[in-house]
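For reference, the chains in residue letters:
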Amino acid sequence: METTKSNLQINHDLIGKLFYIKVKGGNAELHYKRHGDEVMEITSTTVPEESRQFGIGGSLLESAIAFAKEQQLAIKPTCSFAADYLKEHSEYHALLA
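What this report covers is the structure whose coordinates are included nearby. Being a predicted model, the structure only gives us computed values, none of them experimental.

1. Remarks on the packing of aromatic side chains
Inference 1: All told, the structure shown has four aromatic pairs when counted by the stated rule.
Inference 2: Seen in terms of ring centroids, phenylalanine 19 and tyrosine 32 are 5.8 Å apart; in terms of plane orientation they differ by 40°. Their pairing is tilted. With phenylalanine 19 in strand 3 (residues 18–23) and tyrosine 32 in strand 4 (residues 26–35), this residue pair connects regions lying 13 residues apart in the sequence.
Inference 3: Ring centres 6.1 Å apart and planes at 65° place the aromatic pair phenylalanine 19 and phenylalanine 67 in the edge-to-face group.

Below is the structure:
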């Protein structure tokens, strides 16, 4: 499954439970765990140093949010980046577990 955001091609590995994109310096990745059919726990978001400050982490998170909505999953952000992002975007507060 792929999601395209502007010029980014974000891939979703359902088996590995991650969203990723090839960027300068390697892969940017968002990892998650699925707790049944109810909760998606976002455990980590990493972006190589050379590719930071371009909104890539946010784009990965937006793809994960879209997937959670599609699957009717609540989101539990245990990753500090995801927790901060979701706290700043009140439109996603209803999705929080």
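2. Some remarks on the side chain of histidine 12
Inference 1: Mapped onto the elements, histidine 12 comes out in strand 2 (residues 8–13).
Inference 2: Here tyrosine 32 takes part through its side chain, which lies 2.7 Å from a polar atom of the side chain of histidine 12.

3. Section: the environment of isoleucine 75
Inference 1: Along the chain, isoleucine 75 turns up in strand 6 (residues 74–77).
Inference 2: Note: C-alpha distance between isoleucine 75 and alanine 94 (19 residues apart in sequence) is 9.3 Å.
Inference 3: Aside from chain neighbours lying at most four places away, what touches isoleucine 75 is Met40, Ile42, Ile65, Ala68, Leu86, Leu95, Leu96 and Ala97.

4. Some points on helix 2 (residues 80–88)
Inference 1: Along helix 2, the residues classified as buried are Ala82, Tyr85 and Leu86. Buried positions in helix 2, seen along its axis, are confined to an arc of 95° and lie on one side of it. Exposed and facing more than 90 degrees away from the buried side of helix 2 are Ser80, Lys87 and Glu88.
Inference 2: On its buried face, helix 2 is in contact with strand 5 (39–46), helix 1 (56–70) and strand 6.

5. Re the environment of cysteine 79
Inference 1: Inspection of the secondary structure puts cysteine 79 in the loop between strand 6 and helix 2.
Inference 2: Through-space distance from the C-alpha of cysteine 79 to that of valine 47 is 13 Å; in sequence the pair is 32 residues apart.
Inference 3: Once residues within four sequence positions are removed from consideration, cysteine 79 is found in contact with Ile42, Thr43, Ser44 and Thr45.

Parameters at a glance
- Residues numbered from 1 in each chain as written.
- Predicted model: local features only at pLDDT ≥ 70, side-chain atom pairs only at ≥ 80, totals over all residues.
- Heavy atoms only, no water.
- Phe/Tyr/Trp six-rings, centres within 6.5 Å; stacked < 30°, edge-to-face > 60°.
- Helix = DSSP H or I, 4+ residues; strand = E, 2+ residues; numbered from the N terminus.
- Polar contact = N/O pair within 3.5 Å; in protein donor to acceptor, adjacent residues only side chain to side chain.
- Contact = heavy atoms within 4.5 Å.
- Buried < 20%, exposed > 50% of the residue type's maximum accessible area, 1.4 Å probe, protein only.
- Arc of directions from axis to C-beta.

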